[in-house]
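# Close look at the chain arrangement
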Protein chains: 2
Amino acid sequence: MTVLILTCEEDLTADMVVSTLHDLGVPLVRLDPADLPGTVALSADYVRNDFHGYLKAGERMVSLSSLRSIWVRRPGTPGARAAEQSTWLTAESEQALYGMLTCTRARWMNHPVAAMQARYKPWQLHTAHHSGFAVPPTLITTFPSVARQFAATHRDLVVKSVSGKHPGDPPLVLPTTRISPDVDFAGVAAGPTLFQRHIRKQADIRLTCIGSHLSAARKKSDPDEVDSRFTDNSTWEPVAVPDAVHRAVEGYMTTAQLAYGAFDFAEDTDGTWWFLECNQGGQFGFIQLDTDQPLAQAVATWLAAEPFT
Amino acid sequence: MTVLILTCEEDLTADMVVSTLHDLGVPLVRLDPADLPGTVALSADYVRNDFHGYLKAGERMVSLSSLRSIWVRRPGTPGARAAEQSTWLTAESEQALYGMLTCTRARWMNHPVAAMQARYKPWQLHTAHHSGFAVPPTLITTFPSVARQFAATHRDLVVKSVSGKHPGDPPLVLPTTRISPDVDFAGVAAGPTLFQRHIRKQADIRLTCIGSHLSAARKKSDPDEVDSRFTDNSTWEPVAVPDAVHRAVEGYMTTAQLAYGAFDFAEDTDGTWWFLECNQGGQFGFIQLDTDQPLAQAVATWLAAEPFT
């Protein structure tokens, strides 16, 4: 049984996982959907008893029925490196590839359908609340008057993007920004805007959940800093996961049907972990480099498990 | 409790459903996501006990907690009519709107996540097979040699698109085309291509499933015609649904978690209904016009049912 890894060529984190899978002696095929059609080829026929098919990547060939797991890591857009690119070719290639793969019995990290659901930020906050996390008061609105009222109530606010990252090329990460309650909120009429009560944090927490493996890392923060992704030189250090958070993570992962999730929390000056987001495709390589937590090994172990059990 | 209809302005089929909902005395809000931001506005705040929010369309305001059902009919792209359009604004608006709506307890026709899964053509054929439908031998491939072999085995073939329709503006519907087994298949290397054994059909069947309501219509066909959508002037007539097909439809809808599905079959000269596809967003107005089957009424009745039961 083979592990299928969908990612682009330059992916050091995938390299770490591949290396562990090699150590475990687990066969794998790594390919970038951007190379379909081209160096990646596929075929599936439905004749009498369901689909049978295979994928070819370079000289490697793998049968769909022999896939034990599929890791959707950083896949390129199907058709993106074809000689004649078009939206049409991308749609056809995307449908053929992912459509075939959703017919297999392989385990997914993460299934495209679960991933789609899990990207909705309002759904994340809703699910986090129901899973038992502490969630900061949040507003998403196009009404300036509602934004003004929220600001008057909570005073200390941040504004961040609803959808995650700016879809430029390369994508822009918009920093979370602290705003004064007295700013002019008229602009929110131009597009849904997400406001959140600012958590005065003494640390950032990144919790990585890989199947049933949980580990967390902590990075000290200046309570007056807002988005330390861009300013801070502290390193990540391992930290124990409180029991209540552990249970909430398990609940969240089950509801979201995710095999992998990267949770971000703000730890306030009382030590409470406030849920900020769960990124189903979040990075983990930088955490492993700082903490030596064996995250790539945990991903590899999850991918290597026998399916259908 | 209110029905929310997401569709563009010119939608005669939606008009029929709206008219029935008015007759039933059920409150509704109809809006086009393309008008967000603009004449459509939204607000949702998560403060202590989950999200509370509302949508505004023109002068109508509706609370998220009062939505009984959501009909995703022919929605425009969020942000598409904004003064300053951008991919970014579309992403933010899409995430805010659909993210908020997936936090409600409303029933969906169809849920965006189920719709995404149900669009994959290979998954449709796989699920159709497991639900008990007759499914024609089908091949999706980028290998010319495999296409040649399939043609040699099945002789009488059609080629059709994998993803449905060409994403132009306006979208192009590519007719299903009959091909000779002796053509040059070299071109399939340029993009995944779907081949299917040609069913010599004496009729087209359109079966519409709306919740637990099933009805089918039949249009006589010349067995030598391939895609009668473009050539035939016959009209649709009501036809009884065979028991085995009825059971297969129920199984398919349950697996796919769909509330609405438009199934296309080819009826062969023996009377067998061969599954061609299930379009989760398929039209039904043209069937109702020909057959007088009360499909709009069935949709309205489904949308009008009380939730949480």
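Scroll up to find the structure.
Being a predicted model, the structure only gives us computed values, none of them experimental. (Residues numbered from 1 in each chain as written. Chains lettered and ligands numbered in written order. Predicted model: local features only at pLDDT ≥ 70, side-chain atom pairs only at ≥ 80, totals over all residues. Heavy atoms only, no water.)

### Focus: the relation of the copies chain B and chain A
- Here chain B sits on chain A after a turn of 180° about the axis and a move of 0.0 Å along it, with an RMSD of 0.0 Å. Here the copies are linked by what is in effect a two-fold axis. Across chain B, the rotation axis passes nearest the C-alpha of valine 113 of chain B, at a separation of 3.0 Å.
- A high fraction, 100%, of the interface residues of chain B reappear at the interface in chain A, so the copies pair face to face through one surface. (Least-squares fit on C-alpha atoms with pLDDT ≥ 70 in both. Contact = heavy atoms within 4.5 Å.)

### A short note on helix α5 (residues 144-154) of chain A
- When α5 of chain A is considered as a whole, its buried residues turn out to be Val146, Ala147, Phe150, Ala151 and His154 of chain A. Each buried residue of α5 of chain A lies within a common arc of 135° when the element is viewed along its axis, so the set occupies one face. With respect to the buried face of α5 of chain A, the exposed residues turned more than 90 degrees away are Gln149 and Thr153 of chain A.
- Against β8 (138-141), β9 (157-160) and β11 (193-197) of chain A together with β3 (40-46) and β4 (51-57) of chain B lie the buried residues of α5 of chain A.
- One or two steps after α5 of chain A, the chain reaches arginine 155 of chain A, where phi turns positive at roughly 60°. (Buried < 20%, exposed > 50% of the residue type's maximum accessible area, 1.4 Å probe, protein only. Helix = DSSP H or I, 4+ residues; strand = E, 2+ residues; numbered from the N terminus. Arc of directions from axis to C-beta.)

### Considerations on the interface of chain B and chain A
- Each partner contributes residues to the interface: chain B has 65 residues there, and chain A has 65 residues.
- Of the roughly 5,400 Å² buried where chain B meets chain A, counting both sides, 65% is carbon and sulfur surface.
- Together, Tyr46, Trp88 and Tyr120 of chain B form the three largest contributors to the area buried by chain B at its contact with chain A, with a combined 14%.
- Applying the counting criterion to the chain B and chain A interface returns 0 salt bridges.
- Linking chain B with chain A are 18 residue pairs in polar contact (both at pLDDT 80 or more).
- Going through the elements one at a time, β3, β4, α2 (87-101), α3 (112-119), α4 (121-131) and β8 (138-141) of chain B are the ones with two or more residues in the side of chain B that touches chain A.
- Of the residues belonging to the side of chain B that touches chain A, the class tally is 36 nonpolar, 20 polar and 9 charged.
- Relative to β8 of chain B, strand β3 (residues 40-46) of chain A runs antiparallel, the two sharing 4 bridges. (Buried area = accessible area lost by both parts, 1.4 Å probe. Salt bridge = Lys/Arg side-chain N within 4 Å of Asp/Glu carboxyl O. Polar contact = N/O pair within 3.5 Å; in protein donor to acceptor, adjacent residues only side chain to side chain. Nonpolar A, V, L, I, M, F, W, Y, C, P; charged D, E, K, R; others polar. Pairing = 2+ DSSP bridges.)

### Topic: the pairing of strand β2 (residues 28-31) of chain A
Residue and element names in this part refer to chain A.
- Pairing geometry for strand β1 (residues 2-7) and β2, over 4 bridges, is parallel. In the strand pairing of β2, isoleucine 5 is matched with arginine 30.
- Handedness of the β-α-β unit built from β1, helix α1 (residues 12-24) and β2 comes out right-handed. (Right-handed = clockwise from strand over helix to strand, strands pointing away.)

### So, the environment of proline 122 of chain A
- Here proline 122 of chain A is to be found in helix α4 (residues 121-131).
- Judged by relative accessible area, proline 122 of chain A falls into the buried class, the value being 0%.
- Note: C-alpha distance between proline 122 of chain A and serine 163 of chain A (41 residues apart in sequence) is 9.6 Å.
- Those residues in contact with proline 122 of chain A that lie beyond four places of it in its chain are Ile140 of chain A together with Phe51, Gln95, Ala96, Gly99, Met100 and Cys103 of chain B.

### What to know about the side chain of aspartate 204 of chain B
- Summarising the element assignment, aspartate 204 of chain B is placed in strand β12 (residues 201-210).
- Within the structure, the side chain of aspartate 204 of chain B is placed 2.7 Å from the side chain of lysine 201 of chain B, a separation counted as a polar contact.

### Let's talk about the nonpolar core
- Core analysis: the largest hydrophobic core is formed by 110 residues, its most contacted members being Phe133, Leu207 and Phe263 of chain A together with Phe133, Leu207 and Phe263 of chain B.
- In this structure, leucine 207 of chain A is in contact with Leu214, Ser215, Ala216, Val241, Val245, Val249, Gly261, Ala262, Phe263, Phe265 and Trp273 of chain A, ignoring residues within four places of it in sequence. (Core = buried A, V, L, I, M, F, W, Y, C linked by side-chain atoms within 4.5 Å.)

### Re the packing of α1 of chain A against helix α8 (residues 295-304) of chain A
Residues and elements named next belong to chain A.
- Running from amino to carboxyl end, α1 crosses α8 at an angle of 55°, the nearest separation of the two axes being 8 Å. If you check the angle between α1 and α8, you find them oblique. Classified by chirality, the crossing of α8 by α1 is right-handed. Of the residues in α8, those in contact with Met16, Val17, Thr20, Leu21 and Leu24 of α1 are Ala296, Gln297, Val299, Ala300, Leu303 and Ala304.
- Class assignment of the residues belonging to the contact of α1 with α8 gives a composition of 9 nonpolar, 2 polar and no charged. (Axes fitted to C-alpha atoms, helices over the stretch in contact; angles between N-to-C directions. Parallel < 35°, antiparallel > 145°, perpendicular 65-115°, else oblique. Left-handed = near helix turned anticlockwise from the far one by under 90°.)

### Description of the environment of alanine 57 of chain B
Residue and element names in this part refer to chain B.
- Its place among the elements puts alanine 57 in strand β4.
- For the pair formed by alanine 57 and aspartate 35, sequence separation is 22 residues and the distance between their alpha carbons is 8.6 Å.
- Residues contacting alanine 57, with those up to four places away along its chain left out, are Val29, Arg30, Leu31, Thr39 and Val40.

### What to know about the packing of aromatic side chains
- As enumerated under the stated definition, the model contains 30 aromatic pairs over all chains in all.
- With a centroid separation of 6.4 Å and 65° between ring planes, the pair formed by tryptophan 123 of chain B and tyrosine 252 of chain B is classed as edge-to-face. Placement of the pair is tryptophan 123 of chain B in helix α4 and tyrosine 252 of chain B in helix α6 (residues 243-256), with a sequence separation of 129 residues. The pair formed by tryptophan 123 of chain B and tyrosine 252 of chain B is uniform in burial state, with each residue classed as buried.
- Between the aromatic rings of tryptophan 236 of chain B and phenylalanine 286 of chain B, the centroid separation amounts to 6.1 Å while the plane-to-plane angle is 65°, which identifies the pairing as edge-to-face. Residue tryptophan 236 of chain B is located in the loop between β13 (213-220) and β14 (237-239), and its partner phenylalanine 286 of chain B is located in helix α7 (residues 285-291); the two are separated by 50 residues in the primary sequence.
- In this structure an aromatic cluster arises from ring pairing among Trp123, Phe133, Tyr252, Phe263, Phe265, Trp273 and Phe275 of chain A.
- Seen from the ring of tryptophan 274 of chain A, arginine 197 of chain A lies directly overhead, with NZ or CZ sitting 5.3 Å from the centre.
- Its guanidinium or amino end placed over the ring of tryptophan 302 of chain B, arginine 107 of chain B lies 3.9 Å from that ring's centre, counting from NZ or CZ. (Phe/Tyr/Trp six-rings, centres within 6.5 Å; stacked < 30°, edge-to-face > 60°. Lys NZ or Arg CZ within 6 Å of the ring centre and 35° of its normal.)

### Regarding the pairing of β12 of chain B
Residue and element names in this part refer to chain B.
- Burial analysis of β12 places 9 of its 10 residues in the buried class, the great majority of the element.
- By the bridge criterion, 9 bridges tie β12 to strand β15 (residues 260-268) in an arrangement that is antiparallel. What sits directly across from cysteine 209, in β15, is glycine 261.
- Relative to β13, β12 runs antiparallel, the two being bridged by 8 bridges.

### A few points about the sheet that holds β11 of chain A
- One open sheet accounts for 7 strands, arranged β10(A)-β9(A)-β11(A)-β8(A)-β3(B)-β4(B)-β5(B); its pairing is antiparallel. Looking along the sheet, the strands with just one partner apiece sit at the ends: β10 (177-179) of chain A together with β5 (60-63) of chain B. Here the strands of the sheet are splayed against their neighbours by 20° on average, with no regard to which way each runs.
- The sheet contact formed by β3 of chain B and β4 of chain B spans 7 bridges and is antiparallel. Bridge pairing links alanine 41 of chain B to lysine 56 of chain B in β4 of chain B.
- Against the sheet, α4 of chain A makes contact with β8, β9 and β11 of chain A together with β3 and β4 of chain B, and its axis sits at roughly 150° relative to β4 of chain B, the strand it touches most.
- The sheet strands contacting α5 of chain A are β8, β9 and β11 of chain A together with β3 and β4 of chain B, and the helix crosses β8 of chain A at an angle near 165°.

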